[in-house]
Amino acid sequence: MEENKLYKVSNNTSKPKYYVLDMFPYPSGAGLHVGHPLGYIASDIFARYKRLTGYNVLHPMGFDAFGLPAEQYAIQSGIHPAVSTDQNIKRYREQLDNIGFSFDWSREVKTSDPAYYKWTQWIFLQLFNHYYDVDANKALPIQQLILTFEKNGNAGVKAHSTYEQIFLAHEWHQMSSKEKDDVLMNYRLAYRKKGYVNWCEALGTVLANDEVKDGLSERGGHPVEKRAMIQWSLRITAYAERLLHDLDTLNWSDALKAMQRNWIGKSEGAQLFFDVVGYDRKIEIFTTRPDTIFGATYMVLAPEHDLVSQLTTQDQKETVNKYLDYVGSRTEIDRMVEVKEVTGVFTGAYAHNPFTNSNIPIWLGEYVLKDYGTGAIMAVPSDDERDHVFAKKFGLPIIDVVDKSQWPDATLHDKVGTMFNSDFLNGMQVEVAIKEMYDRIEQKGIGSKKINYKLRDANYSRQRYWGEPFPIAYDNDGVAHAMDVDNLPLTLPNLENFQPSSGGKSPLARAEQWVTQIDGLELETDTMPGFAGSSWYFLRYMDAGNQNEFASGEAINYWQDVDLYVGGTEHAVGHLLYSRCWHKFLFDLGYLPTLEPFKKLVNQGMIQGSSRLVWRVSEFIYNDLDLAKITTVLVSKKYSDLNTLGDNEILAKLYGIANYEKSKCSGMELTSLHVDVNMVDGIYLDIEVFRNWRPEYKNAKFLLEDNKYICGTQVEKMSKSLYNTVNPDDLVKNYGADCFRMYEMFLGPIEQSKPWDTKGIEGVQKFLRKFWSLYYNESGLNLSDELPITDELKILHLTIKKITEDIERFSFNTCVSAFMMCVNDLKRLDCNKKQILEPLCILLAPFAPFITEEIWADMGNSASVHKAIFPNFEPIYLVQDTIEYPVCINGKKRDTIEISAQMSHKEIEDLVMHLDQVKKYVNGKQILKVIVVTNRMVNVVIKE
RNA sequence: GCGGGUGUGGUGAAAUUGGUAGACACGCCAGACUUAGGAUCUGGUGCCGCGAGGCUUGGGGGUUCGAGUCCCUCCACCCGCACCA
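The shown structure was predicted, so the numbers you read here are calculated from the model rather than taken from an experiment. (Residues numbered from 1 in each chain as written. Chains lettered and ligands numbered in written order. Predicted model: local features only at pLDDT ≥ 70, side-chain atom pairs only at ≥ 80, totals over all residues. Heavy atoms only, no water.)

**With respect to the overall build of chain A**
Along its length, chain A carries 32 helices and 39 strands. For chain A, the C-alpha atoms occupy an extent of roughly 95 × 85 × 80 Å along the three principal directions. By the burial criterion, 52% of the 944 residues in chain A qualify as buried. When contacts within chain A are restricted to residue pairs at least 6 apart in sequence, those whose partners lie at least 24 apart make up 70%. Surface summary for chain A: the accessible area is close to 43,900 Å², and the carbon and sulfur share equals 48%. Here chain A holds 102 positive side-chain charges and 126 negative ones, and the gap between their average locations is 3 Å. (Helix = DSSP H or I, 4+ residues; strand = E, 2+ residues; numbered from the N terminus. Buried < 20%, exposed > 50% of the residue type's maximum accessible area, 1.4 Å probe, protein only. Contact = heavy atoms within 4.5 Å. Areas by Shrake-Rupley, 256 points an atom, 1.4 Å probe, with all protein chains shown as cover. Lys, Arg positive; Asp, Glu negative; His and termini not counted. Charge placed at Lys NZ, Arg CZ, Asp CG, Glu CD.)

In C-alpha cells:
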C-alpha cells in the first residue's frame, strides 16, 4: 500500500470531519514492544471504520522528541540528542509502518523541530504577555493591565495574582522598570518566582512533582531534596475552576475525571486571620470547618512558614531551631513513611481566637504543609484526628463542640452533627453553623468565605539542554524581555558537552556566544519542560506545515477538536490537564472555537509481560563440597518446591554421585531466575537455545519431567530486565500484520490490563486462513455470482450489525469473535458467493487492511478497499419465521421449543404445557403462573 | 485513610435493557490423514456424580417468576492521591 497517498487527508472537503488521535509517543531507544501498539491498533480500526462510513478522518502521528533520556544518553555516549532521537524515530517509524497504520505522515510533527517549537515559544510568549482577569473570567493582554495601572493603580483590578499590596497610579509611575517588572510578574500567566523545587543533585536538575516518585527521581531513582530557586511557572491555578467545571462536558471515564478532580482538589471554606498577641502580625489560615472555631485550642504553622522566625520567643529559640534542623534533615521519604508519628514544638507565641476571646498557643508541626492552603491551621483537636493526636501528645486542651452521637460512623469530612459549647452556634446543625460562621467572620472583618485548590502552578523551567529555549532575555537589572516574535524560533546552540553547568545551571549557560547574541541582554539558559511541546501538538496536526501561524483559522475551524483520543492512564493528570489549560488559554485569545481539546477519551489497559522462570540449584553441599558451584543444574517446575524434591537422591544422580547417602548432604537451595520468553514455547523450555544463551549454561544439566523442561510463569510488567518483552516485528514477520492486529484486539477489552501470551495468536491465524479459503481454491480466486440463500444473508447481516455496534462502543475483542463465527458459519455452508463475500471483505478491512486489500484487488476492483463504502445493515434479513424458546421451570432451563414467531402468548403457553419435560416437572403440582417473554424465553412457575 | 476499578472454567474472555452463564479462542483429551508432527482436519471439554441428577459467576444476605447483571454487607487484588486543614 502506498500509505502516504492513500491516507493523506485534506482540509478542504464537504465530508464531515472526524479526528482520531493517539497519544504522542516518546521515541525511546528500546523501540516498541507488543504493549505499545494496543491503543494505536484500536484507534486505527476506528479511523478506518469512520473513513468507510463517509467521514474525512484526521489520523496523524508524530513524536514527543525532547526529553531527558536522550540527554542522559548524550552525556554517556557523546552522541548529540538530535542524532539519537532521529535514529529512534526512524526505528519507531519502521515498527509502526510494519503494523499497517493509516497515519497521514505528511502531517508528522516532531517537538524538537525548530519549525514546530517556534510555535511552542510563541505560545509561551502569549502566556507571558497575558494575565487572568477574574471579572472577564479569561486571559487578557498584560498591556491592558499596564494601562489600568497607569490610570488607576491596582486597587480596582481583580486578577489571579500573587501580589498583595495596593498601589496608586502615581506610585506605579514612580517605580523603576525593575520594580514594574517585579509587580507584573505577579500577574503574568507565565511568570518567574522563587520557590521550593525538587532538586536532584545526581541529575543536576529540578524535577516536576510527577517526575518524583517516593522522594526519588522517576528516572534513575536518585534522591531528591527541596531547594529554593528562581523558576518559570505557569499560572494554571487561574484556570482551576474552569478545568474542574468543564470536566462534566467530557466523555471520559469516571476514573480519569475523578483523578483530575482530585488533583485540582477544590474545597470551600473560610479564610481567617488570627491576631498574634503582642505583635502587629496576623496569621492567615484556611478552614473548611469554621463552625468548630470554639474548639480551636491552639494553632499550628508549617515549619517552613514565613512567620516562624519572627514569632518565636527568646526562650523558645533554641528548641525551635533544633526542631527546624530536625525537619531540614528529614527527606520526603521520612516524612511519608512516618505518617503516624507526630512531631512539633511550641513557639512561645500566642494567637487570639476571635470568637472565644482566649489566647491560644502557636505551635510548629510537620503535619502542616507549607504548600497547602496557607501553611497554617487552627487546630481543633476534638474533631480532627491529626489535631487530636497532636494535642494528646503535647497535653493541649481539647474542647468538644460537635455532638455526633446521631452519626456514629461520621468523620470530619461528613460535616454532620449538632453544635454545643459554641455560644451562638449552640444547637445548630453543622451545615447551618458553617453558613452562620461565614457571615460572622465577614461581619467582624477578620476574613471571608474562600475557595481553595490543591492544584499548584506548574513549574516550567528545566536546567537541561534538550528542550525548547525560552524566547526571553534579561537586561542588567534582571528584567525579563520577550523576544520579538519575528525572531522566532530561537534555536538551540550546538553543544558537545551536555553536563549541567555549575550551580545547577543548564548546559546552555556554557554556550556564551549563544547566550549573548542579543546586544546588551542575556538569554535565559533554562529550557522548557517536556509538557510544553505536548500541550498543543494536536492543534499543529490540523495544519502541520504552516509557517505563518501555529495553525490557520480555517484549518482549526474545520477540525475543531479531537473526537477520539486513545492513550494510557499515565498521562491522567499531567499532560491531559496542561493540554486542557493551554487549549482554554488559546480559546480566550480567540484562536480556537472549542473549550476543550479532547471530547472522548479511551484509556487502553497495559499489556503485561508473562515471564518464564527456571530453577537453578544454587547450593548442593555434599561431603562439604558445594557441587552447585561446579555443575550447573536446572530443575523442571515439578521439582521447584524443595519439599516435592524430597530426598535429594534424584539430584545426586545428576551430579554423578554413585551411592548417595542422605547424611552427607548438608545444604540444598534453589533460585528461580527469569529466562527470555522467546526461548520458551508456551511453558516448554527450548533447552538447546537456553544452553547457548550464556556460557555458564553451556554444559548445564536438567532435571526434566516427561522429557520436558517446564517453566514457571509469572505475570508482571513488560520489561527488558525481566526478559519478557515481545517485539511486534517478530510477530508481524511470523504471522503478518493483520494477524498481529487482530490478536491484540482479541486479547480482551481495550481498557483492561492483560498479560501477553503469544501462544493464542494461532487461533487468529487459523481464522485468517479460513477467511482466505472462502475466496480461493487451489487454482485461485473462486467466487460465484449466484444469489445468496436466506441463511447466508442472515449470517452476513448479523455480522454487519454486530461489527457496527461493537466498533461504535470500542468493543474490538467481540468484533474479532463475531468475524470468527461468521467465517465458521459461511464455511459450513461452503459459501463462495460474491454478494456475501464482497461486503464481508469491506467489513474486515479496518481490522485486517492487507489481506482484504489483496482480495479486493483480485476481485477486480481498481480502487482501494479502504475507500469503499461500509456495508449497511438490513434488518429484513434477520426476520425469523420461527424462534427457539428455552423453556424453564422455576427459572431453570429444562427444554427448548421451536415456536412460530406469530404465535400468541396463550398459544405458546398451551404448547409448552404439553411438553414431556414440562409434564414431568409439573407432575400434579400447582402451576402458579406461566411467563412468556417475547423472543426470549418461557418460564413455568410451579409450587414446590 | 480517601477516590476509582476489577473479581466468571486450566488460560484470555463473552453475556449491550434483569431472561438459555461460559459465546469466540488458547490449552487439554480422543480420532482422521500422515514416515513423522510443535502441520492440517473432525469430535469432546465448567465442577461433582457410574447414573438419574446436583452444584456453579470472590463470600454472605436481600429484591424478583427469574440475578454475573439491581440493593445491602464483607473479602481479595489492581490503579491514582495521600498528614489536603
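**Considerations on the packing of helix 10 (residues 254-264) against helix 20 (residues 574-588)**
Two elements in contact, helix 10 and helix 20, have axes separated by 11 Å at closest approach and are oriented at 75°. In terms of orientation, helix 10 lies roughly perpendicular with respect to helix 20. Of the residues in helix 20, those touching helix 10 at L256, Q260, W263 and I264 are L576, L577 and R580. Grouping the constituent residues of the contact of helix 10 with helix 20 by class yields 5 nonpolar, 1 polar and 1 charged. (Axes fitted to C-alpha atoms, helices over the stretch in contact; angles between N-to-C directions. Parallel < 35°, antiparallel > 145°, perpendicular 65-115°, else oblique. Nonpolar A, V, L, I, M, F, W, Y, C, P; charged D, E, K, R; others polar.)

**A few points about helix 12 (residues 317-329)**
Relative to the 18 Å expected for 13 residues at 1.5 Å per residue, helix 12 spans 18 Å between its end C-alpha atoms, a close match to the ideal helical length. When we look at burial in helix 12, the residues that qualify are V320, Y323 and V327. Buried positions in helix 12, seen along its axis, are confined to an arc of 60° and lie on one side of it. Of the exposed residues in helix 12, those oriented more than 90 degrees away from the buried face are E318, K322, D325, G328 and S329. (Expected span 1.5 Å × (residues − 1). Arc of directions from axis to C-beta.)

**Here we look at the sheet that holds strand 38 (residues 927-933)**
Taken in spatial order, the 4 strands of this open sheet run 37-36-39-38, and their pairing is mixed. The outermost strands of the open sheet, each flanked by one partner alone, are strand 37 (892-900) and strand 38. Taking the axes of each pair of neighbouring strands and ignoring which way they run, one obtains an average angle of 20° across the sheet. Where strand 36 (residues 882-889) meets strand 37, 8 bridges bridge the pair, whose relative direction is antiparallel. Looking across to strand 37, one finds that I889 is bridged to K892. (Pairing = 2+ DSSP bridges.)

**Observations concerning the pattern of salt bridges**
Opposite charge on two side chains makes pairing possible when the charged atoms of those side chains draw close. Counting across every chain of the model gives 35 salt bridges. For R107, the salt bridge identified is with D104, shortest N-O distance 3.0 Å. Accessibility expressed as a relative area gives 8% for R107, which makes it buried. The exposure class assigned to D104 is buried, which follows from its relative accessible area of 0%. Ionic pairing is found between D291 and R289, a salt bridge with its closest N-O pair at 2.9 Å. For the residue pair D291 and R289, the accessibility class agrees, reading buried in each case. (Salt bridge = Lys/Arg side-chain N within 4 Å of Asp/Glu carboxyl O.)

**Concerning the protein's contact with RNA strand B**
Of all residues adjacent to RNA strand B, which total 49 residues, the nearest are T288, Y372, R386, K454 and L747. Within the contact set of RNA strand B, a sugar or linking oxygen lies 2.4 Å away from a backbone nitrogen or oxygen of T288. The separation between a base oxygen of RNA strand B and a polar side-chain atom of N939 is 2.6 Å. Taken together, the elements giving at least two residues each to the surface near RNA strand B come down to helix 10, strand 11 (282-287), helix 26 (761-775), helix 27 (790-808), helix 28 (812-828), strand 37, strand 38 and strand 39 (937-942). Across the surface near RNA strand B, the residue classes tally to 21 nonpolar, 11 polar and 17 charged. (Near = heavy atom within 4 Å. Polar contact = N/O pair within 3.5 Å; in protein donor to acceptor, adjacent residues only side chain to side chain.)

**Describing a nonpolar patch on the surface**
On the surface, a nonpolar cluster with roughly 240 Å² of combined accessible area is contributed by Y73, I79 and V83. Here I79 shows up in the loop between helix 3 (68-77) and helix 4 (81-98). (Patch = residues over 30% accessible without salt bridge, like charges linked within 9 Å, V, L, I, M, F, W, Y side chains within 5 Å.)

**Looking at the packing of aromatic side chains**
Taken as a whole, this structure holds 71 aromatic pairs when the rule is applied. Judged by centre distance (5.9 Å) and plane angle (65°), the rings of Y163 and F167 are edge-to-face. For Y163, a relative accessible area of 22% translates into the label partly exposed. The class of F167 is buried, set by a relative accessible area of 3%. Pairing F702 with Y709 gives two aromatic rings, centres 6.0 Å apart and planes at 85°, and the pair type is edge-to-face. What links up through ring pairs into an aromatic cluster is the set Y18, F46, Y49, Y55, F810, F812, F819, F847 and F870. Just above the ring of W105 sits the side chain of R93; from NZ or CZ to the centre is 3.9 Å. The positively charged end of R694 is found above the aromatic ring belonging to W693, 4.1 Å away from the centroid. (Phe/Tyr/Trp six-rings, centres within 6.5 Å; stacked < 30°, edge-to-face > 60°. Lys NZ or Arg CZ within 6 Å of the ring centre and 35° of its normal.)

**Here we look at unusual backbone geometry**
The step from L488 to P489 runs through a cis peptide bond, and the omega angle for that step is 0°. Mapped onto the elements, P489 comes out in the loop between strand 21 (480-482) and helix 16 (512-515). The phi dihedral of N137 falls on the positive side, at around 50°, and the residue is not glycine. Looking at the secondary structure, you find N137 in the loop between strand 3 (130-133) and strand 4 (138-141). Its identity is not glycine, yet N623 carries a phi of approximately 55°, on the positive side.

**What about the environment of Y191?**
As for its placement among the helices and strands, Y191 is situated in strand 5 (residues 190-200). Separated by 64 residues in the primary sequence, Y191 and L127 have C-alpha atoms spaced 8.6 Å apart. Side chain to side chain, Y191 and D457 meet in a polar contact 2.4 Å long.

**Notes on the side chain of H130**
For H130, the position within the fold is in strand 3. Among the polar contacts listed, one links the side chain of H130 to the backbone oxygen of Q126, at a separation of 2.6 Å. H130 has contacts with A139, L140, P141, I142, Y187, R188, L189, F585 and L589, leaving out every residue within four places of it along the chain.

**Let's talk about the packing of helix 25 (residues 737-746) against helix 30 (residues 849-858)**
Contact geometry for helix 25 and helix 30: axes closest at 6 Å, N-to-C directions at 130°. As judged from the angle between their axes, helix 25 and helix 30 are oblique. Between helix 25 and helix 30, the residues in contact are A737, D738 and R741 and P849, F850 and I851, respectively.

**So, the sheet that holds strand 1 (residues 17-22)**
In space, the 4 strands of this open sheet follow the order 2-1-23-24, with parallel pairing throughout. In the strand order of this sheet, the two ends are held by strand 2 (56-58) and strand 24 (598-603), each with one partner. Here the average twist between neighbouring strands, direction ignored, is 20°. In terms of strand pairing, strand 23 (residues 562-567) meets strand 24 through 5 bridges, oriented parallel.

**Comments concerning the environment of D706**
Within the secondary structure layout, D706 lies in the loop between strand 31 (701-703) and strand 32 (712-716). On the accessibility criterion, D706 (73% relative accessible area) is exposed. As a C-alpha pair, D706 and S636 span 70 residues in sequence and 9.9 Å in three-dimensional space.

**Considerations on the confidence of the model for chain A**
The predicted coordinates should not be examined in detail at positions where pLDDT is low. Confidence in the prediction of chain A, expressed as mean pLDDT, is 89, and 95% of residues score 70 or more. Among the scores for the predicted complex, ipTM is 0.94 and pTM is 0.91. (pLDDT = per-residue confidence, 0-100.)

**Remarks on the nonpolar core**
It is characteristic of soluble globular proteins that their nonpolar side chains tend to be buried jointly. By size, the foremost hydrophobic cluster in this structure holds 89 residues, and its most contacted members are F124, W232, Y460 and F550. The biggest single contributor to this core is helix 5 (residues 114-128), with 9 residues. Setting aside its immediate chain neighbours within four residues, F124 contacts A190, W232, Y460, F470, P471, I472 and M528. (Core = buried A, V, L, I, M, F, W, Y, C linked by side-chain atoms within 4.5 Å.)

**Some words on the pairing of strand 36**
Two successive antiparallel strands, strand 36 and strand 37, enclose a turn made up of 2 residues, where N890 displays a positive phi of approximately 50°. Of the strand pairs in this sheet, strand 36 and strand 39 are connected by 3 bridges, and their pairing is parallel. Looking at the pairing, C888 lines up with N939 of strand 39.

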